[in-house]
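# Chains, contacts and geometry: an overview
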Amino acid sequence: MKQKDIFIAFFRSGMLGFGGGPSAIPLVHREVVQTFKWMNDEEFADVLALANALPGPINTKMAGYVGWRVGGFWGMLNALFATAIPTVVLMILFLTLLAAHKDKPWVAGMSQAVMPVAGVLLGVLTWDFIVKSRKSLGWIWTIFLVVSSVIVLQLLGIHPGILIAALLGAALLSGHNMRKKQEKGAQS
């Protein structure tokens, strides 16, 4: 049953995630956190941050990790297969259709209509993460991190992977320092 659920979750997100990773992330979130409850929001945010820091398509990285975590080796293969199959089939169908109708205006309109939809999906996911960050960090730190990230990414032109790696490193160091303080307090 678990393998069937893994396949369904990643097949749906792969099938409906038109436009690649950015549009599929909210769909994966919905399947993994809300529908099947394999992770909570904080765990999903950690997986998303790590997946963004690594090279390659985000869908396959997230599918591989979640599949491994939920169903072991076979779960990982199942999730990767379920993620890739819709893409392969739809690419063959859409490229055939595009080649046959590439000069028609409706083809250009269809591809332009996808951009705002992907933007809205990402905006909703971002807002959800901001609200959840407020609960664990407070509004001041959340706003500080959001504004700092925008400045680093947009104004300074730093690659997102570098920012994510720096934030992960800072989180690891702060967690390590907090554990050391707690150990010293317990020994006293």
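This text follows the structure it describes.
Note that the structure is predicted; figures quoted are calculated from it, not measured. (Residues numbered from 1 in each chain as written. Predicted model: local features only at pLDDT ≥ 70, side-chain atom pairs only at ≥ 80, totals over all residues. Heavy atoms only, no water.)

### Thoughts on the nonpolar core
Ranked by size, the top nonpolar core spans 22 residues in total, and within it Phe10, Val32, Trp38, Phe44, Leu48, Met62 and Val66 carry the most contacts. Other than its neighbours up to four places away in sequence, Leu48 contacts Ile25, Ile58, Met62 and Phe129. (Core = buried A, V, L, I, M, F, W, Y, C linked by side-chain atoms within 4.5 Å. Buried < 20%, exposed > 50% of the residue type's maximum accessible area, 1.4 Å probe, protein only. Contact = heavy atoms within 4.5 Å.)

### Side note on the packing of helix α5 (residues 105–137) against helix α6 (residues 139–155)
For the pair α5 and α6, interaxial distance at closest approach is 7 Å and the crossing angle is 135°. Put simply, α5 runs oblique to α6. By crossing handedness, the relation of α5 to α6 is classed as right-handed. From α5, Trp127, Ile130, Ser133, Arg134 and Leu137 reach across to α6, where they touch Trp139, Trp141, Thr142, Leu145 and Val146. Looking at the contact of α5 with α6 residue by residue, the class counts come to 7 nonpolar, 2 polar and 1 charged. (Axes fitted to C-alpha atoms, helices over the stretch in contact; angles between N-to-C directions. Helix = DSSP H or I, 4+ residues; strand = E, 2+ residues; numbered from the N terminus. Parallel < 35°, antiparallel > 145°, perpendicular 65-115°, else oblique. Left-handed = near helix turned anticlockwise from the far one by under 90°. Nonpolar A, V, L, I, M, F, W, Y, C, P; charged D, E, K, R; others polar.)

### Points about the packing of aromatic side chains
In total, this model carries 6 aromatic pairs according to the counting rule given. Relative to Phe11, the ring of Phe7 lies with its centre 5.5 Å away and its plane at 15°, an arrangement referred to as stacked. With Phe7 and Phe11 both in helix α1 (residues 2–16) and 4 residues apart, this pair spans about one turn of that helix. The partly exposed category is assigned to Phe11, whose relative accessible area is 29%. Ring pairs connect the aromatic residues Phe7, Phe11 and Phe81, which therefore count as one cluster. (Phe/Tyr/Trp six-rings, centres within 6.5 Å; stacked < 30°, edge-to-face > 60°.)

### Examining a nonpolar patch on the surface
A contiguous nonpolar patch, built from Trp127, Trp139, Ile143, Val147, Ile151, Leu155, Leu156, Ile158 and Ile162 and spanning about 930 Å² of accessible area, is present on the exposed surface. Looking at which element gives the most residues to the nonpolar patch, the answer is α6, with 5 residues. Inspection of the secondary structure puts Ile143 in helix α6. (Patch = residues over 30% accessible without salt bridge, like charges linked within 9 Å, V, L, I, M, F, W, Y side chains within 5 Å. Areas by Shrake-Rupley, 256 points an atom, 1.4 Å probe, with all protein chains shown as cover. Salt bridge = Lys/Arg side-chain N within 4 Å of Asp/Glu carboxyl O.)

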